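Architecture at a glance
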Amino acid sequence: MENKNLVINNRIIGKDLVRYFILLYWILFWLLNVIDKIIGGAHFLFVGKDRFAQVERFFDSLGLGNPIIANVALIITAGLEIFALVFFSGALYHFIKKNIDSARSWFFIGIVLTLTTFTYFSLGDQVFGDHFELLEHGLFWFITLLSWIIFIRIDKIQIFDNFSIGKKQFFVSAVFTIVITATTTFAIFWHNHSSFIERTQAVDAIKITENKYKIKFPFLAGSKAFENSIAKFKEDNPSLSINYIYTAPTPLRLAESDGLIIYIQTDSIK
Amino acid sequence: MKEKKLIQYFILIYWTFFGALTVIDKIIPDVYPYWVGADFYTLFIKFFASLGLTDPIFATIALAGISTLEIVAFVCYLFSLFNLYKGKDKISEQWFYRGVSFSVLLFSLFSIGDQVFGDRFNLLEHGIFWIILVVSWVVYKYNSLIEERLIKFSFTKDIKIGVLVGTLLTIITSYSILDFSKSTSSNKTLPVRGEEVVQGVYKFDFPFLGDKFVWENTIKAFEDKHPELKITYVYTGPDELNSKKKTHMLLYIFTEQNDLKN
């Protein structure tokens, strides 16, 4: 019955495309998670998430500071993720080979492993008291469940089978796309040309009281801009020493239009 | 076992444990060994205080009322799971429906509260859980109406290859995790080396494992290494200065020449 529903033919190309996207999404999702476990720490071209530090800190907060516990938890997680990756990859292989029944079986095991992983994560999030992660893992649990339902039920959904576009509409949409792309690309490159310097450039301090100065950083400013600004301030004010820096908290900034603002308090050098 | 049944088990296990841990979190209100949880009591006290209701009786009654609803929902999920295990599918479905109804009511109350208290992040969280719950019920119910398919899993050649590849990858990843743990666990205590970025100003790029002990050891090591300097100010670099996820914490130490020792 289900095999009939999943029969590949030209008329349901759109539905197959959805299935391919679901499979590719989960393969890439778990592949990158596994790579993140193999490559610990931040490296050139791969930052990822330092799961070891995160899990170690979680267990430490429970009073379990021995790193072996975090290691075991991470290895169990990695095992679940790797087998989910293998089964989703197998599902894709069978789907390409038109072994629809096998593809479904492999996909189902991948879904079971993924649901297990997110259930296990959600339990941990509640024990560790991290409700942001609980929301994240709850959402992924939900996406997994929906992926399964859509994968097996897509044949019940009516999708148009004609992907062709009329000549006039194609021409107008192409021109429209090219014009907007050109404008956007120019704006991006122009902004890069004029603003990238802000990443490191020193910012001038504005005197606001006798011994207090304000430095308002642009959004792009990084740690180098901060250091260069401090160096410039010291150079411009050799008779002053910095005795306190106050970082303006978010409520003092103008919604999304203010970047980092610091206030420098000084003493005169005796 | 049928596929639909296993999916139903997953749905019920998820919500049963969700309910159980939420209730435990209310019973254990603080941080203890093996349990951290979220401090709902403090949260409620602050929420009600923001409304001008500073008497703790309001927060306590609200928390007790919410907890009662959570307990009822948890019991419904537990009975649903038990009945599913016993093969009483119809009764299981009824208990799940009751549990979902109580949870939907709970998340609706939370969402109303979030709007009154002006907490938009919690409103998002509760809204998302509300829809996950409703869709869980739809999947539980309608997934079982349409088809009956047995889980087909036998150790065929391709499954054996898959298991072998999975095992090999797990061994490689485990080795990598253990190796990384061994090489970085010292970051939990070792002092961080500073770099003089401006004359008299030193920058310390803390590793992800670095915590308060690392900070203390870093200051001590710095003072030992630079007896000629006096720390006048310590500044924690705000997140805006970090390179997104690559930087854990930046610390700046401002110094002056130590006149006493010179």
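Residues numbered from 1 in each chain as written. Chains lettered and ligands numbered in written order. Predicted model: local features only at pLDDT ≥ 70, side-chain atom pairs only at ≥ 80, totals over all residues.

With that settled, the discussion passes to the interface of chain B and chain A. Across the contact, 63 residues belong to chain B and 62 residues belong to chain A. At the level of secondary structure, the elements contributing two or more residues to the side of chain B that touches chain A comprise helix 1 (3–27), helix 5 (120–146), helix 6 (157–184), strand 1 (195–198), strand 2 (201–206), strand 3 (229–237) and strand 4 (249–257) of chain B. Classifying every residue of the side of chain B that touches chain A gives 36 nonpolar, 15 polar and 12 charged. (Contact = placed C-beta atoms within 7 Å. Helix = DSSP H or I, 4+ residues; strand = E, 2+ residues; numbered from the N terminus. Nonpolar A, V, L, I, M, F, W, Y, C, P; charged D, E, K, R; others polar.)

A few words on the domain arrangement of chain B. Examined at the domain level, chain B breaks down into domain 1 (3–146) and domain 2 (188–257). Of note, the centres of domain 1 of chain B and domain 2 of chain B, computed from C-alpha atoms alone, are 43 Å apart. (Domains from an automatic or database assignment.)

Let's shift gears to the sheet that holds strand 4 (residues 261–268) of chain A. Residue and element names in this part refer to chain A. In space, the four strands of this open sheet follow the order 1-2-4-3, with antiparallel pairing throughout. The open sheet has two edge strands with one neighbour each: strand 1 (206–209) and strand 3 (240–247). Between one strand axis and the next, the sheet turns by 35 degrees as a mean value, whatever way the strands run. As defined by bridge partners, strand 2 (residues 212–216) adjoins strand 4 across five bridges and the pair is classed as antiparallel. Within the sheet, the bridge partner assigned to K216 lies in strand 4 and is I261. (Pairing = 2+ DSSP bridges. Axes fitted to C-alpha atoms, helices over the stretch in contact; angles between N-to-C directions.)

A few words on helix 7 (residues 167–195) of chain A. Here helix 7 of chain A spans 41 Å end to end across 29 residues, near enough to the 42 Å set by a 1.5 Å rise per residue. Where burial is concerned, little of helix 7 of chain A is hidden: zero out of the 29 residues are buried. (Expected span 1.5 Å × (residues − 1). Buried ≥ 20, exposed ≤ 12 C-beta atoms within 10 Å, placed from the backbone.)

This next bit is on the environment of A:D101. Looking at the secondary structure, you find A:D101 in helix 5 (residues 100–128). For A:D101 and A:V34, which are 67 residues apart along the polypeptide, the C-alpha to C-alpha distance reads 27 Å.

Right, let's get into the packing of helix 3 (residues 56–85) of chain B against helix 4 (residues 89–117) of chain B. All names here are of chain B. Two elements in contact, helix 3 and helix 4, have axes whose closest approach is 8 Å; the angle formed by their N-to-C orientations is 160 degrees. Viewed along their axes, helix 3 and helix 4 adopt a mutual orientation that is roughly antiparallel. Here helix 3 and helix 4 pass one another in a crossing that is left-handed. Residue-level inspection shows I66, L69, E70, V72, A73, C76, Y77, F79, S80, N83 and L84 of helix 3 in contact with helix 4, the latter providing D89, I91, S92, W95, F96, R98, G99, F102, S103, L105 and L106. (Parallel < 35°, antiparallel > 145°, perpendicular 65-115°, else oblique. Left-handed = near helix turned anticlockwise from the far one by under 90°.)

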